[in-house]
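Reading the structure
Okay, here's what each chain looks like letter by letter:
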Amino acid sequence: MVKSLYVPAATLPPGAGDVPVAVEFRRVSKVFGQQPVLRDINFHVNAGEVVAICGPSGSGKSTLIRLINQLETLSSGEILVHQRATAGLRGRRLRALRTGIGFVFQQFNLYSHLTALDNVALALIKIQKLSVAAAHQHAREKLRQVGLADKAQHFPHQLSGGQQQRVAIARALATDADIILFDEPTSALDPEMIGEVLVVMRDLAGNGMTMMVVTHEMQFAREIADRVVFMDGGEILEQAEPALFFTRPQHPRAQRFLERVLSPLGVGEPTPL
């Protein structure tokens, strides 16, 4: 078992409720140059919760999750992971943060010259300092978890897009992270490959993984998420349980968004954004 240097949420003192908070945003803002991207975000994710983040392109969704493990840096505010502030972490502390948080990218980001097994094992060897044998054993377990035990020696170009993304999920799981961030994990896939990735994500959710998923897959948001967060213009405009969000959205912008993305093909024109 690979050990994270971050204290697991379950071992922390309980907060206001019975479930510990895994990630918390406190008045978080992000500016690129002179352009505000996120504006005064206050938001939290409970341990074991699956949060789907949706909204139009350019609304700040990807930036929101990239701030958590410092793929982007804060302009102002504070982000806490397991009740610990993340701003300004360097070296060993930053590696510890990222060990406990897996990240799955839209474009897979696999090393083309490495096999699936070595892609998954790389961080275990380079960062966790496991032996090659131990890292490979652990990596094989994670490939088995995503249904790719028989593809361990395949290179990325020998895998379908869906298989590559499942390798990327196995890599995110390899350090035994207890939070996984997904940035549009199915948007680069052909439609027939989306399902195999969503099945893996469904299994992770069923096993209690804390997940934040930036997605346009409304079926996933409706069926798997515990909460849907709707963003536009760098702000969270609405958040609700899926049953409520998809049947009775409150914010007019959310209503227009759903009218467009849920509009059946051939039934009139979608409402303009």
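What you are looking at is a predicted structure, and each value in this text was computed from that prediction instead of being measured.

This brings us to the packing of helix α3 (residues 116-126) against helix α4 (residues 132-145). Across the interface, α3 lies against α4 with an axial gap of 8 Å and an inter-helix angle of 125 degrees. Between α3 and α4, the angle is such that the two are oblique. When you trace α3 past α4, the crossing you get is right-handed. Along the contact surface, α3 presents A116, L117, D118, V120, A121, L124 and I125, while α4 presents V132, A135, H136, H138, A139, R140, K142 and L143. Split by residue class, the contact of α3 with α4 holds 10 nonpolar, two polar and three charged.

With that settled, the discussion passes to the side chain of E238. Structurally, the position occupied by E238 is in strand β10 (residues 235-240). Here E238 occupies a buried position and makes no salt bridge, while the nearest side chain of opposite charge, R248, is found at 9.1 Å. Within the local environment of E238, its side chain forms a polar contact with the backbone nitrogen of Q250, the two atoms lying 2.8 Å apart. A distance of 2.8 Å separates the side chain of E238 from the backbone nitrogen of H251, its partner in a polar contact. Apart from residues no more than four positions distant in its own chain, E238 is found in contact with V228, V229, F230, F245, R248, P249, Q250, H251 and A254.

As a further point, take the sheet that holds strand β2 (residues 35-46). Sheet architecture is open: four strands sit in the order β2-β1-β4-β5, paired in antiparallel fashion. If you trace the sheet from one side to the other, it starts and ends with β2 and β5 (84-85), each paired once. Pairing geometry for strand β4 (residues 76-81) and β5, over two bridges, is antiparallel. Bridge pairing in β5 links L80 to A85.

To continue, consider the confidence of the model for the chain. Looking at the chain as a whole, the pLDDT averages 88, with 90% of positions reaching at least 70. Long-range and interchain partners of residues 1-16, a stretch whose pLDDT sits below 50, account for 34 contacts in this model, where long-range means more than four residues apart. Note that residues 265-273 has pLDDT below 50 and, in this model, 10 contacts with residues that lie over four places away or in other chains.

A word on helix α2 (residues 91-99). For α2, the complete set of buried residues consists of L94, A96, L97 and T99. Among the structural elements, β4 and β6 (101-104) are those in contact with the buried residues of α2.

Structurally, K142 can be placed in helix α4. When residues no more than four places from it in sequence are discounted, the contact partners of K142 are V120, A170, L173, A174 and D176.

As recorded in UniProt, the sites labelled "domain: ABC transporter" (unreviewed entry) are residues 23-258. Along residues 23-258 one finds 37% helix and 26% strand; the C-alpha atoms at either end are 27 Å apart.

Put simply, helix α5 (residues 161-173) and helix α6 (residues 191-206) touch, their axes get as near as 8 Å, and they point 20 degrees apart. When the axis of α5 is compared with that of α6, the two are roughly parallel. When the axes of α5 and α6 are compared, the crossing they make is right-handed. Along its contact with α5, which presents G161, G162, Q163, Q165, R166, I169 and L173, the element α6 presents M193, E196, V197, V200, M201 and L204. Broken down by class, the residue content of the contact of α5 with α6 amounts to seven nonpolar, four polar and two charged.

This part takes up the packing of aromatic side chains. Enumeration according to the criterion identifies five aromatic pairs in this entry. Ring centres of F230 and F245 lie 6.4 Å apart, and the angle between their planes is 35 degrees; this geometry places the pair in the tilted category. You can see F230 sitting in strand β9 (residues 227-232) and its partner F245 sitting in helix α8 (residues 242-247), a full 15 residues away along the chain. Note on F230: relative accessible area 0%, which makes it buried. We classify F245 as buried; its relative accessible area is 0%.

Conventions and cut-offs
Residues numbered from 1 in each chain as written. Predicted model: local features only at pLDDT ≥ 70, side-chain atom pairs only at ≥ 80, totals over all residues. Heavy atoms only, no water. Axes fitted to C-alpha atoms, helices over the stretch in contact; angles between N-to-C directions. Helix = DSSP H or I, 4+ residues; strand = E, 2+ residues; numbered from the N terminus. Parallel < 35°, antiparallel > 145°, perpendicular 65-115°, else oblique. Left-handed = near helix turned anticlockwise from the far one by under 90°. Contact = heavy atoms within 4.5 Å. Nonpolar A, V, L, I, M, F, W, Y, C, P; charged D, E, K, R; others polar. Buried < 20%, exposed > 50% of the residue type's maximum accessible area, 1.4 Å probe, protein only. Lys, Arg positive; Asp, Glu negative; His and termini not counted. Salt bridge = Lys/Arg side-chain N within 4 Å of Asp/Glu carboxyl O. Polar contact = N/O pair within 3.5 Å; in protein donor to acceptor, adjacent residues only side chain to side chain. Pairing = 2+ DSSP bridges. pLDDT = per-residue confidence, 0-100. UniProt positions renumbered as here; feature names shortened; annotations may be inferred. Phe/Tyr/Trp six-rings, centres within 6.5 Å; stacked < 30°, edge-to-face > 60°.

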